[in-house]
Amino acid sequence: MNLMSVTAPASIPSPPADFSSFSLGPLTVHTYALCILAGIILALWMTSVRWKRRGLPEEAVWDIAIWAIPFGIIGGRLYHVISSPDAYFGVNGDLSLIPQIWRGGLGIWGAVALGAVGAWIGCRRAGIKLSTFADVGVPGLLLAQAVGRWGNWFNQELFGSPTDRPWGLEIDANNANFPDGTAPGTLFHPTFLYESLWCLAGVVLLLALDKRFKLRGGRLFWLYAAYYTVGRLWIEILRIDDAEMITLFGVTQRLNVWTSVALLVFSVAMFIYLTFRARKGGNESLYLPGHEPAVETEALPEDHKIETEQRNSVAESPASQQRANLAETKNEDTGSRKPGTPGTAK
């Protein structure tokens, strides 16, 4: 009996160029946009599940997301344009490309920064603390990033330096992103895959740490930021696409590298600070002051309910009424004694 030998592929193929978009009637659908949309849907699903488990009002998460998502997309695009300006403002730049996000180009830090502004607006309207929404939402955000990165694979963009690893990525030699002067058939580091796997591992890690330590008050968000920047740092160094270069301390690196370093240091510092503050301050409210949900006495035990009602009755009575009630009680106690007994007026 002859056995067929099975060999592992020596590279990762890229999808054909016509896979980057397809026609749906008069509408052109871009695969990159579908990856972003799929990531958003999964993020909303995971966030809504965690939201319900936290006991928060179900409708609030959607009210906040309506503000956070469009702000995040605009912020992501603006950051990309700023960090890679030559394609838009250079000698051969084209300003009309700026709104064409289906071609690729959303910077995560711009998305998080401006998305946080949108989330803040939604949180203020819903009476929820921004830190509450951030802690609940960051595992879903990482999941969205993991899925969205596959849009780079369909566009054959944002790959890394040449490599001879068996998981090297194939790029069409006639693709506009293929590096000039590089031999056809050269394989490249699949940085989209590295980041996707890094984000998926981060989802598992954040969920496990949150379950174990009950991270609140923004701590899970800053842990997410620290974790992601560690991965983004080494992945960004591998990339060879055009980017704004910055020289600091005699070292020239991509803008995203320096951004990752700065955010990593800041995130760790914020996490440590919030951890110490949480230990001193105890449990933190999930709501903005004055928006805490009212305590329903029907859900309390019977004896606790009676005690609460009595305490509220006393608290709401005027001081003169309280004194009158005490005097009446004293008179009733005095009149209930038999004549001639001690303490009875003669």
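What counts, and where the lines are drawn
Residues numbered from 1 in each chain as written. Predicted model: local features only at pLDDT ≥ 70, side-chain atom pairs only at ≥ 80, totals over all residues. Heavy atoms only, no water. Helix = DSSP H or I, 4+ residues; strand = E, 2+ residues; numbered from the N terminus. Contact = heavy atoms within 4.5 Å. Expected span 1.5 Å × (residues − 1). Bend = angle between axes of the 7 residues up to and from the residue. Axes fitted to C-alpha atoms, helices over the stretch in contact; angles between N-to-C directions. Left-handed = near helix turned anticlockwise from the far one by under 90°. Nonpolar A, V, L, I, M, F, W, Y, C, P; charged D, E, K, R; others polar. Pairing = 2+ DSSP bridges. Salt bridge = Lys/Arg side-chain N within 4 Å of Asp/Glu carboxyl O. Buried < 20%, exposed > 50% of the residue type's maximum accessible area, 1.4 Å probe, protein only. 1 Å grid on protein atoms, 1.4 Å probe; cavity = no way out; pocket = protein on both sides within 12 Å on 5 of 7 lines; lining within 4 Å. Points joined across faces, edges and corners; volume = space filled by probe spheres on them. UniProt positions renumbered as here; feature names shortened; annotations may be inferred. Core = buried A, V, L, I, M, F, W, Y, C linked by side-chain atoms within 4.5 Å.

Some details on the side chain of serine 267
So, point 1. Position of serine 267 among the secondary structure elements: in helix 9 (residues 255-281).
So, point 2. The residues touching serine 267, leaving out its near neighbours within four places in the chain, are Trp222, Ala225 and Ala226.

Quick look at helix 2 (residues 58-83)
Residues lying three or four places apart along an α-helix face the same way, a consequence of the helix completing one turn every 3.6 residues.
So, point 1. The first and last C-alpha atoms of helix 2 sit 37 Å apart over 26 residues, in line with the 38 Å expected at 1.5 Å per residue.
So, point 2. Helix geometry: helix 2 is bent most strongly at alanine 65, by close to 30°.

Quick notes on the packing of helix 1 (residues 31-53) against helix 2
So, point 1. Axis separation between helix 1 and helix 2 bottoms out at 11 Å; the angle between their running directions is 145°. Crossing hand, helix 1 versus helix 2: right-handed. Touching Ile40, Leu44, Thr47, Ser48, Trp51 and Lys52 of helix 1 are Glu58, Ala60, Val61, Trp62, Ile64, Ala65, Ile69 and Ile73, all from helix 2.
So, point 2. Looking at side-chain class alone, the contact of helix 1 with helix 2 contains 10 nonpolar, 2 polar and 2 charged residues.

Description of the environment of leucine 215
So, point 1. Tracing the chain through its elements places leucine 215 in the loop between helix 7 (191-213) and helix 8 (219-238).
So, point 2. Along the sequence, leucine 215 and threonine 275 sit 60 residues apart, while their C-alpha atoms lie 8.7 Å from each other.
So, point 3. Setting aside residues up to four positions removed in sequence, leucine 215 forms contacts with Asp135, Leu209, Asp210, Leu220, Leu223 and Phe271.

Structural notes on the pairing of strand 6 (residues 251-254)
So, point 1. In terms of strand pairing, strand 5 (residues 245-248) meets strand 6 through 4 bridges, oriented antiparallel. Within strand 6, the residue paired with methionine 245 across the bridge is arginine 254.
So, point 2. Here strand 5 folds back onto strand 6 in antiparallel fashion, the turn holding 2 residues, of which phenylalanine 249 has a positive phi close to 55°.

Brief notes about the pattern of salt bridges
So, point 1. Evaluation of the coordinates by the stated rule reveals 11 salt bridges.
So, point 2. A salt bridge links glutamate 284 to lysine 129, with the shortest nitrogen-to-oxygen separation between them at 3.2 Å. Taken as a pair, glutamate 284 in the loop between helix 9 and helix 10 (302-316) and lysine 129 in the loop between helix 4 (108-126) and helix 5 (130-148) lie far apart in primary sequence, 155 residues in all.
So, point 3. By relative accessible area, glutamate 284 is classed as partly exposed at 34%.
So, point 4. Judged by relative accessible area, which is 19%, lysine 129 ranks as buried.
So, point 5. Between arginine 216 and aspartate 210 there is a salt bridge; the shortest N-O distance is 3.2 Å.
So, point 6. The class of arginine 216 is partly exposed, set by a relative accessible area of 26%.
So, point 7. Connected through salt bridges with shared partners, the residues Arg232, Glu236, Arg239, Asp241 and Arg254 form a single ionic network.

Observations regarding the layout of surface pockets
So, point 1. Put simply, the second largest pocket is a space of about 320 Å³.
So, point 2. Residue lining of the second largest pocket: Trp45, Met46, Val49, Arg50, Arg53, Arg54, Leu207, Asp210, Lys211, Lys214 and Arg216, and that is the complete set.
So, point 3. Of all the secondary-structure elements, those providing two or more residues to the lining of the second largest pocket are helix 1 and helix 7.
So, point 4. Ranked by residue count, the leading element in the lining of the second largest pocket is helix 1, at 5 residues.
So, point 5. Grouping the constituent residues of the lining of the second largest pocket by class yields 4 nonpolar, no polar and 7 charged.

Focus: the UniProt feature "binding site: a 1,2-diacyl-sn-glycero-3-phospho-(1'-sn-glycerol)" (unreviewed entry) in the protein
So, point 1. According to UniProt, the "binding site: a 1,2-diacyl-sn-glycero-3-phospho-(1'-sn-glycerol)" (unreviewed entry) feature falls on Arg149.
So, point 2. You can see arginine 149 is positioned in the loop between helix 5 and helix 6 (150-155).
So, point 3. When its relative accessible area of 11% is taken as the criterion, arginine 149 is described as buried.
So, point 4. Aside from chain neighbours lying at most four places away, what touches arginine 149 is Leu158, Phe192, Glu195, Tyr228, Arg232 and Arg239.

Examining the nonpolar core
So, point 1. One finds Leu142, Leu206, Phe221, Tyr224 and Tyr228 to be the most contacted residues of the largest nonpolar core, which totals 23 residues.
So, point 2. Within the residue set of this core, elements represented by two or more residues are helix 4, helix 5, helix 7 and helix 8.
So, point 3. The greatest single-element share of this core, amounting to 8 residues, is contributed by helix 8.
So, point 4. Not counting residues within four places of it along the chain, the set of residues in contact with tyrosine 228 comprises Ile108, Trp109, Leu142, Gln145, Arg149, Glu195, Trp198 and Cys199.
So, point 5. Within the second largest apolar cluster, 13 residues are counted, among which are Val61, Ile128, Phe133 and Leu286.

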